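# Breakdown of the fold
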Amino acid sequence: MNRVISRAMLAVLCVLTLASAMSAQVGSYAITNAKIVTVSGSVIEKGTVVIRNGLIESVGAGVKVPADAKVLDGEGMTVYPGLIDARSTLGIPQTPPRPQGGPSAQNQQDESISKYPEGLRPEVTAASKIKAGEAQFASQRNAGFTTVLTIEDDGIFNGQSALINLAGESAAEMIVRPSWAQHVSFRTLRGGNFPTSLMGTFAALRQMFLDARRHAKILDMYEKDPKGMKRPDRDISLEALIPLLKGDQPVVFTANTEREIVRALDLAKEFGLKAYISGGQESWKLAGRLKEENVPVLLSLDFPKRTLSEHKEAEPEPLDTLRLRAEVPKNPARLKQAGVKFAFHTGELKNMREFFANAREAVANGLSEADAIRAMTLSAAEIFGVEKQTGSIEAGKIANLVVVKGDLFDEKASVSHVFVDGREFEQPKRPERPAGNAAGNTSGAPANVAGTWNLTIEPPGQTIGATLVVTQQGGMITGSLSSPLFPSTPLRDGRVTANGFGFTVTVDVGGTALDVVFDGRVTGNEVEGTVDTPQGPAVFRGTRTPR
Amino acid sequence: MKRNWKSLLTGIALAAMLAAGVFAQNGTDVLIRNATVLTAAKGTLENTDILITNGKIARIGKNLRAPNAKVIDATGKFVTPGLIDCHSHAMLDSINEGSYAVTSMVRTSDVLDTTDVTIYRALAGGVTAANLLHGSANPIGGLNTVVKFKYGRPMAEFVFPGAPPGIKFALGENVKRANSNVQPGQSRRYPATRMGTMEVIRDAFIRAKDYKRKWDDFKSGKTKIEPRRDLELEPLVEVLEGKRLVHAHGYRSDEHLNLMLIADEFGFKVATLQHGLEAYKIAPEIAQRGTGVSIFVDYWGYKLEAYDTIPYNAYILWKNGVVVSLNSDSGERIRRLNLDAAKTMKYGGVPEEEALKMVTLNPAKQLGVDKRTGSIEVGKDADIVVWSGHPFSPYSHAETTMVDGEVFFDRKQDLARREQLKAERERLEKLDANLPPGKRGKKEAKEDDKEEKPEATPVPTKGGNRK
C-alpha cells in the first residue's frame, strides 16, 4: 500500500517539477479519433480538432488532417474546451500581510494619489499586477484549466478583475479581458482605520457611491460649461466607481450566506449596480430573487467540510452547520432548476482534485454532467462576455482545449494535453528513477530537503519559533514540527515540491484542531514560504542545521 | 434500512404537520378562549376570549363565537401583550464601529442576522419585539432598528413597519475608552474625558446645523452645485427636526442631565436614557422633559460608574411620572423580562399593571410603536403571549408566543420536535462532509488502494482522500 502511495506521490511530484520545463509551442495540431465535447453543440463521438495559429481551425467528424499538422492520436481521449476558473488569485503576487494594529495605510509609503485608504481603492486593476511566468500556473493548468478570472482577495474594493489565459510570455499576452468587473468583499480594514466593523463597511461603501454619483454630476457640469466654474478636483477612486453606477462595469460581491447575499443585492439595488455573486454557498435560498434580478453566481466548489478533529468531550456541532454541509452540494442543481446563471470556481481549494471531486458531488446531487461542464466552460465565458472567443470548441475560437484520457467525470481520468492559445502543454511521462538532488532544480528529480530546520513563523504581529525535522523518501517527506506553543506534531501530506517542500500539520488550539498548511521554497540551506491557517496567512523562514 | 425509511417518512410527515400548525396561520382567525388577560392598558380581565383576525386583535370579550377560528384553550392560563426589549444587540453581526467618536453613518439594519437563535430564545421568554441598538463605544453611535421577532422569515419582515427611526448615543466610561487598551501604533481616541464627550456631541450638532443650511441654500436656489450628501450628518439633522429618536446610553446622572441640557440647547428631546443607573437622582428633570428611561431592574456594580444604583430606581422614576421600561441588553436576560417586571413590585411596590407596562406598553411608547403594540386592545397587532401561570411567577413559562397573530413559539411543539431534531442530527452526523478529517471517506479510500493509481493525474480522486 505504501508503495502505491509513494508512486502516486511521485507521479504528482513529477507533474510539478516538470511543469516549468515543459515545452510550450504554438503550431498546428490535429487531435484525431477523439470524442469531442464541444459544449456549444452536440458531442462528436469520434472526430478531429485542428488547431492553427492559436485558434481552432476546424472541428468535426469528417475533418481532414492538414499535412503540416502534428497529429495527436485521440483514441480513447475526450477533448473539452479549456476549463475556466471563475474566481482566482492566480498570477497576482501576494502582498505580505501587514501587522495588525500597525501604522495606518496612509503613514506607510504609499504611492497612490487616492485619498482613500488601501482597501477602498476601486481603481486598482488586477491587469496591472499580473506577473507572467509559467510555473505558477502549472498545477491548475495541468488539471485542465486554461483560463481564470483573477483578482486579489484583499480589501473592501478588491479592485478590477482580469480574465487571463494561463500561458504567455508576458502579462499583456495573457490577458483575455482586462477590468471585467469590480470586486467587493464585506470585510473591514486593517490597522484600526474606519471601517472596523461590518456596519462601517456598508457605511463606507454607501458614502463612496454617493460621492461618486455627485462627482460624476459635477464633472459633467464642468465638461459642458467650464466657464465661471471652479475646476473640480480629480478623484481616481471615485471616478473608478462611475462605470459601476452607470451599469457599464459589473460588481461582483463576495457573499456566501443568505444574509450576505441579501445585503449585496440590496446594496446593488440602492445604487443601480449590475450585481454578480461570488462564493454563493447558500445561493439556493435566494434562487428566486437571483433569477428575477438576473444576477449570475460565480459558485465556489469549495464545499464546506468538517475541519474539527474528533474529540470525545467536544461540544456537538450546531445542527445548522451539519445541515449546511449536506445542502451545499445540492446548490448547483437547485440554481440550474431555478434558471440562475452560474459558473464554477475553485474558491479556497488548494488541491484541484477536490475541485473535480466536488464537481462529481454536485453531479451526484442532481446536476447533469453536461451542465457541470458548461459551468466550467461556456457559462463562465458568457458571464464574462467572451463567449464569442472561448468557452466552447468551435471553429474560429481561441484554441483553449483540454485532452483527457477517458472522461472528465471518471475518477480514473487523467489530463494528457492542455492547449492554451494553441500552445501545447503535454503532461510529462513518469521518470525512470528519482534521485536526490539540490533544491530548486528542474530536472524532474526531487530535491533534498531532509534535515532539521529552525523556523520562524510570522503571523501578523508576532514571531513564533519552531523546529522542523524532515525525513525524506523520494518525493515524500515525513517528520515533525514542534514549538513552544504546541507539542511535537507529525507532518501530514508531506511532499517535495518544484522548488521546496510542503506539508500540513494539525495543531490543537483550545480544543479545536486547525489544519495549517506550509509551503516553502528551498535555496540551499535556506527556506522561506507561506503558512496557510484558518486564521489567515502568515509567512515563515528558516535555516537548515548543517549535519 | 426499511425501518429507517419508515421512521424518516414519519418524521417528514410529522415535520409537515408541525410546520402547518405553527407557521401556516397567516390569514386564519385565532380564538384564545377563557384566559386571564393582563391587558397592560385596561386592567385584568377574567375568563376572557380574544379573537384575532388578519393578525390584529379583533374582539375582546366573553363567550366570543368564531366557528372558523383555530382555538387556543387558555383556561387557567394568563395572557399578556408580547414583551418588548428596549435595548438589545440580538441579530447583529457587528455592534460597535469604534473607529470614530461619531458614527451616525453606520446602520444596524445593514447587519441583521435573522438566523440568530437568540430570537427564538427570546420568543420562548415571551418577547415579540426589540430595539436593536449600536453599541456604546461612541458619543454618537449608529442607527438602530426596531424589529418584530418573526423568526424564520425573510429579513424585510422583521423590520417593524412604521417605527420611527432612532440613533444610539453613549456617555461615560465606554465612550472615553476608560476600560479599553490603545492598540499599538494607534493614538488614544478623542474624547478621553466626560467633558470631551459633551464637546463631541455639541460639535456634531453644530456641524449638522451647518450641513442643513447648505442644503437649504441649495434647495432655495442660492447655490448652484448640489452639496455632498453626508451620511454622518443626515441622521443628526433628523434628530434636530424631531424625526429621529435618541437612545442615550449612560450611567451617571450628571452626564444624562448634561445631555438633556445639550438637547435643550439644540431644541430636541432625548427619547430614552438607556441604563440610567442613577436616573432616580434626576427623576423630576427627566419627567419634565418627557424623556423615557430604560433600565436594568437590579444589575449593577460591574464597573466603577455602575455602583450608585438601587433596585428602587424603577419605582422612583414611575412615581415621578417617567415612562420606564426594563431592558435586557443581553441574549440571556432577554428571556426573563417578565421576572424583571415582577421585581419592581417587590422593590417599592409598583402596581401590577404598571410593572407589566414596563416590559410592554412603556417600551412601545419609548419606541413610538404604542399605536401598534404593547397592550391587548382591539385594533392592535396580535403580539400576544399565553403563559402557563401568572407571568410574574418564576414557575410560569411562555406556552405560546404570537407575532401579528402567528405562532412563532409553541412550547408543546418545541418539545415534540426535539426527538425529530435528534434523529436529523444522527443522520447528518454520518454524512461524509460532517465526519472528522481523519475519518472521512474511509470506505472509498480502501477501494482506491486496491487499484493502481493512475499516472500523473491532477484531475481525479475522491473527496474522501482529503485528510
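Our structure's up above, just so we're on the same page.
Model, not experiment: these values are computed from the prediction.

Parameters at a glance
Residues numbered from 1 in each chain as written. Chains lettered and ligands numbered in written order. Predicted model: local features only at pLDDT ≥ 70, side-chain atom pairs only at ≥ 80, totals over all residues. Heavy atoms only, no water. Phe/Tyr/Trp six-rings, centres within 6.5 Å; stacked < 30°, edge-to-face > 60°. Helix = DSSP H or I, 4+ residues; strand = E, 2+ residues; numbered from the N terminus. Buried < 20%, exposed > 50% of the residue type's maximum accessible area, 1.4 Å probe, protein only. Expected span 1.5 Å × (residues − 1). Polar contact = N/O pair within 3.5 Å; in protein donor to acceptor, adjacent residues only side chain to side chain. Pairing = 2+ DSSP bridges. Axes fitted to C-alpha atoms, helices over the stretch in contact; angles between N-to-C directions. Contact = heavy atoms within 4.5 Å. Salt bridge = Lys/Arg side-chain N within 4 Å of Asp/Glu carboxyl O.

### Brief notes about the packing of aromatic side chains
Residues and elements named next belong to chain A. Within this structure, the stated rule accounts for 27 aromatic pairs over all chains. When the ring of Phe145 is compared with that of Phe355, the centres are 5.2 Å apart and the planes differ by 70°; the resulting orientation is edge-to-face. Residue Phe145 is found in strand β8 (residues 145-150), and its partner Phe355 is found in helix α10 (residues 352-364); the two are separated by 210 residues along the sequence. Take Phe145: its relative accessible area is 0%, and that puts it in the buried class.

### Quick notes on helix α12 (residues 411-429) of chain B
Residues and elements named next belong to chain B. The terminal C-alpha atoms of α12, which comprises 19 residues, lie 26 Å apart, in line with the 27 Å expected from a rise of 1.5 Å per residue. Taken together, the buried positions of α12 are occupied by Asp414, Gln420, Glu424 and Leu428. Capping the start of α12, Asp410 holds a side-chain oxygen 3.1 Å from the backbone nitrogen of Lys412, two or three residues further along.

### Some words on the sheet that holds strand β11 (residues 175-177) of chain A
All names here are of chain A. In space, the 4 strands of this open sheet follow the order β7-β8-β10-β11, with mixed pairing throughout. Among the strands making up the open sheet, the edge pair consists of β7 (83-88) and β11. This sheet shows a mean twist of 30° between the axes of neighbouring strands, independent of strand direction. Pairing analysis gives 4 bridges linking β8 to strand β10 (residues 162-165), with the strands arranged antiparallel. The residue of β10 that forms the bridge with Leu149 is Leu163.

### Looking at helix α4 (residues 198-224) of chain A
Between its first and last C-alpha atoms α4 of chain A spans 39 Å; for 27 residues at 1.5 Å apiece the expected length is 39 Å, and the two agree. Among the 27 residues of α4 of chain A, 19 are classified as buried, and the element is accordingly described as predominantly covered.

### Here's the deal with the side chain of Thr373 of chain B
With respect to the helices and strands, the residue Thr373 of chain B is situated in the loop between α11 (361-366) and β15 (384-387). One polar contact links Thr373 of chain B to Asp383 of chain B, side chain to side chain, over a distance of 2.9 Å.

### A short note on the sheet that holds strand β13 (residues 292-295) of chain B
Residues and elements named next belong to chain B. Pairing is mixed across the open sheet formed by 6 strands, whose spatial order is β8-β10-β11-β12-β13-β14. Every interior strand has two partners, whereas the edge strands, β8 (140-143) and β14 (324-326), have only one. Adjacent strand axes in the sheet meet at a mean angle of 25°, parallel and antiparallel pairs treated alike. Of the strands in this sheet, β10 (166-170), β11 (245-250) and β12 (272-275) touch helix α6 (residues 253-266), which is tilted by about 155° from β11.

### With respect to the pattern of salt bridges
Here the structure, examined in full by the defined rule, presents 73 salt bridges over all chains. Across the salt bridge formed by Asp68 of chain A and Arg52 of chain A, the nearest N and O atoms sit 2.6 Å from each other. In this pair, Asp68 of chain A is assigned in the loop between β4 (55-60) and β5 (70-73) and Arg52 of chain A in strand β3 (residues 44-52), connecting sequence segments 16 residues apart. On the accessibility criterion, Asp68 of chain A (47% relative accessible area) is partly exposed. On the basis of relative accessibility, which here comes to 23%, the residue Arg52 of chain A falls in the partly exposed class. Salt-bridge contacts for Glu226 of chain B lead to Lys217 of chain A; the nearest nitrogen and oxygen are separated by 3.1 Å. Here the residue Glu226 of chain B occupies a position in the loop between α4 (194-219) and α5 (234-240), and Lys217 of chain A occupies one in helix α4, the pair thus bridging two chains. Classification of Glu226 of chain B by relative accessible area gives partly exposed; the value is 26%. Several salt bridges share partner residues, and in doing so they unite Lys56, Lys148, Lys150, Arg372, Asp381, Asp383 and Asp404 of chain B into one network.

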